[in-house]
Amino acid sequence: MDVLNPNAKSGWRHERGEASLSDVYRTVGTGRHSSMWRRAAAFAGPGYMVAVGYMDPGNWATSLAGGSKFGYALLTVALLSNLMAIVLQSLCARLAIASGRDLAQACRDAFPKYVSLPLWAFAEIAIIATDIAEVIGTAIGLNLLMGIPLELGVLITALDVFVILFLQKLGFRWVEAFIIALLGVIAVCFGVQILLADPQWGAVLTGFFPTTEIVTNPEMLYLALGILGATVMPHNLYLHSGIVQTRAYGDTVPEKREALTFATIDSTVALCFALLINASILILAAAAFNAHGRTDVVELGDAYSLLSPLLGLAIAPTLFGIALLCCGLNSTVTATLAGQIVMEGFLKIRLKPWVRRLITRAIAIVPAAIVTIWYGDQGTAELLILTQVVLSLQLSFAVFPLVMFTANKAKMGELVAPRWLSGVAYLIAIVIAGLNVKLLFDFVTG
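How each quantity is defined
- Residues numbered from 1 in each chain as written.
- Predicted model: local features only at pLDDT ≥ 70, side-chain atom pairs only at ≥ 80, totals over all residues.
- Heavy atoms only, no water.
- Helix = DSSP H or I, 4+ residues; strand = E, 2+ residues; numbered from the N terminus.
- Buried < 20%, exposed > 50% of the residue type's maximum accessible area, 1.4 Å probe, protein only.
- Contact = heavy atoms within 4.5 Å.
- pLDDT = per-residue confidence, 0-100.
- Axes fitted to C-alpha atoms, helices over the stretch in contact; angles between N-to-C directions.
- Left-handed = near helix turned anticlockwise from the far one by under 90°.
- Salt bridge = Lys/Arg side-chain N within 4 Å of Asp/Glu carboxyl O.
- 1 Å grid on protein atoms, 1.4 Å probe; cavity = no way out; pocket = protein on both sides within 12 Å on 5 of 7 lines; lining within 4 Å.
- Points joined across faces, edges and corners; volume = space filled by probe spheres on them.
- Nonpolar A, V, L, I, M, F, W, Y, C, P; charged D, E, K, R; others polar.
- Patch = residues over 30% accessible without salt bridge, like charges linked within 9 Å, V, L, I, M, F, W, Y side chains within 5 Å.
- Areas by Shrake-Rupley, 256 points an atom, 1.4 Å probe, with all protein chains shown as cover.
- Lys, Arg positive; Asp, Glu negative; His and termini not counted.
- Core = buried A, V, L, I, M, F, W, Y, C linked by side-chain atoms within 4.5 Å.
- Phe/Tyr/Trp six-rings, centres within 6.5 Å; stacked < 30°, edge-to-face > 60°.

## What to know about unusual backbone geometry
Excluding glycine, a negative phi dihedral is what most residues carry, and trans is how most peptide bonds are arranged.
Alright, step 1. Residues other than glycine seldom take positive phi values, yet Leu21 does so here, at roughly 45°.
Alright, step 2. Its place among the elements puts Leu21 in the loop between α1 (6–9) and α2 (36–43).
Alright, step 3. Despite not being glycine, Arg26 shows a phi value in the positive range, around 50°.

## A word on the environment of Phe172
Alright, step 1. When you line up the elements, Phe172 lands in helix α10 (residues 172–197).
Alright, step 2. Accessibility expressed as a relative area gives 5% for Phe172, which makes it buried.
Alright, step 3. Between the C-alpha atom of Phe172 and that of Asp23, which follows or precedes it by 149 residues, the distance is 9.7 Å.
Alright, step 4. Other than its neighbours up to four places away in sequence, Phe172 contacts Val24, Val28, Met49, Ile243, Thr246, Arg247 and Leu337.

## With respect to the confidence of the model for the protein chain
Reading predicted coordinates in detail is not appropriate for stretches of low pLDDT.
Alright, step 1. In the predicted model, the protein chain carries a mean pLDDT of 82, and the fraction of residues at 70 or more is 87%.
Alright, step 2. Counted against residues more than four places away or in other chains, residues 1–9, with its pLDDT under 50, gives 17 contacts.

## Quick word on the packing of α10 against helix α15 (residues 253–288)
Two measures define how a pair of helices packs: the angle their axes make with one another and the distance between the axes.
Alright, step 1. For the pair α10 and α15, the least separation of the axes is 10 Å and the interaxial angle reads 35°. In terms of crossing hand, the pair formed by α10 and α15 is left-handed. Contacts between α10 and α15 involve Leu183, Ile186, Ala187, Phe190, Gln193, Ile194 and Ala197 on the former and, on the latter, Phe273, Ile277, Ser280, Ile281, Ile283, Leu284 and Ala287.

## Quick notes on the pattern of salt bridges
Pairing between side chains of opposite charge can happen when the charged atoms of each approach one another.
Alright, step 1. In total, this model carries six salt bridges according to the counting rule given.
Alright, step 2. A salt bridge links Asp251 to Arg26; its shortest N-O distance comes to 3.3 Å. A residue pair is termed long-range when its members are at least 10 positions apart, and Asp251 in the loop between α14 (234–243) and α15 and Arg26 in the loop between α1 and α2 qualify at 225 residues.
Alright, step 3. According to the relative accessible area criterion, Asp251 is exposed, its value standing at 51%.

## With respect to the layout of surface pockets
Alright, step 1. Approximately 220 Å³ is the volume found for the second largest pocket.
Alright, step 2. Considering the residues around the second largest pocket, the lining is formed by 14 residues, among which Val77, Leu80, Ile214, Ala224 and Leu435 are closest to the centre.
Alright, step 3. Put simply, the parts of the chain that give the lining of the second largest pocket at least two residues each are α5 (75–99), α12 (213–216) and α13 (218–231).
Alright, step 4. With five residues, α5 is the single largest residue contributor to the lining of the second largest pocket.
Alright, step 5. Residue classes in the lining of the second largest pocket are distributed as 11 nonpolar, three polar and no charged.

## Comments concerning a nonpolar patch on the surface
Alright, step 1. On the surface, a nonpolar cluster with roughly 300 Å² of combined accessible area is contributed by Leu145, Met146, Val185 and Ile322.
Alright, step 2. Here Met146 shows up in helix α7 (residues 113–146).
Alright, step 3. Take Met146: its relative accessible area is 54%, and that puts it in the exposed class.

## Observations concerning empty space enclosed by the protein
Alright, step 1. Under the counting rule described, the total for this entry stands at three cavities of 30 Å³ or more.
Alright, step 2. Size it by volume and the second largest cavity reaches roughly 40 Å³.
Alright, step 3. If you trace the second largest cavity, you find it lined by Phe43, Pro46, His240, Val244, Arg247, Ala263 and Asp266.
Alright, step 4. Among the residues forming the lining of the second largest cavity, the class breakdown is four nonpolar, one polar and two charged.

## So, the side chain of Arg94
Alright, step 1. Within the fold, Arg94 resides in helix α5.
Alright, step 2. Although Arg94 is buried, it makes no salt bridge; Glu414 carries the closest opposite charge, 9.9 Å away.
Alright, step 3. Beyond its immediate chain neighbours, meaning those up to four positions away, Arg94 contacts Leu260, Met412, Leu415, Val416, Ala417, Pro418 and Leu421.

## A look at the nonpolar core
Alright, step 1. If you look at the biggest cluster of nonpolar residues, it comprises 128 residues, and the most contacted ones within it are Trp60, Leu74, Leu103, Leu237, Tyr238 and Phe320.
Alright, step 2. Here the element with the most residues in this core is α15; it accounts for 17 residues.
Alright, step 3. Discounting residues that sit within four places of it in the chain, Leu103 has contacts with Leu95, Leu237, Tyr238, Ser241, Ala398, Leu402 and Phe405.

## A few points about the packing of aromatic side chains
Alright, step 1. Summed over the entire model, instances satisfying the criterion amount to five aromatic pairs.
Alright, step 2. Look at Phe111 and Phe405: their rings are 5.7 Å apart centre to centre, the planes differ by 35°, and that puts the pair in the tilted class. Of this pair, Phe111 sits in the loop between α6 (103–110) and α7 while Phe405 is found in helix α19 (residues 377–406), placing the two residues 294 residues apart along the sequence. Here Phe111 and Phe405 have matching classes, each one buried.

This is the structure in structure tokens:
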């Protein structure tokens, strides 16, 4: 059994027990005696898997709605969310490398059952909300590109379990390569669409500066929180703290410091790339729809059908559909791994990956199928945005424990977060919680 080293164990109540994602734990070599660039390259990968959550189908719905209705105004929310994400994901890597635990394992150890079990339930709700967005997004992508009915597309998404199983058997680097390849396709698709849309770049730059209307306008705040929930996703915090440990870094403090540096660079670069994609969705909606008076576009299907006549080229909707399908496929892989980390970390229940995947996918398929059959496209758009707001509401329950652990010298040892970093992280946690309270107040009163 792999246990924590004595220096890192003092602040924890129990030994860690089995490692996070034990089947791939420390299976990726880091070339300790290679050049710095080769060592840095060995750590590249987990950040891009985390970045997938910043451009999943649910994010498309909120960004399309925000861009078509309010133009470029919500770009500042995308930027702010991304900066928050960079800080929080760096703390995930710090927790994992310093303590040898993922966030779920840390919560199970630090809190009594009456606290840890609700935290587990909230984490599962967040993963289900994420999965619903993926199911619907992939089904819409299949419908747009191949004409497959939404109801059938929802059922087909259950088959993605075989893709994940195949990649995991090849090795974790193959999973990362699959993710990065699809991210490249998405980037190319959006790059071409942005060139075709020809946005007002002055207005784009202005959109990155904050405005008080975001807080005072309930409708804008609802979409802003949806973007926040789609960007800083709760399951990403659990995911990153697990997959960072696939790297075979050493156990000494200098080796861990180097691993933390490279892991932080990896996640920061990947999240900057995610911001480009995330902002591109909103910019495309603002330039293609809001600029032409179409302020009511919230359906992915509507966006697909309107792109061709508004931009004047038939290839635009095809690129949109391809990117959407790639996003859906990518997100299924990361949600599967996050689900595995959460269940094993909180409950010590180990299930085979395909069993875990089928369970979570079945839970997601039921509400998605009901909505698509009962309401059609109209219902799916509303459900996508709702899932992102649900994610935002769950976020605090993952963020506060993460910040608490990484600020604790006894738990983190020499790699405890600097006071300034903990202060920034606590501020982020308080802002997120405060915005959620306001959202609930507006929902109840209005």
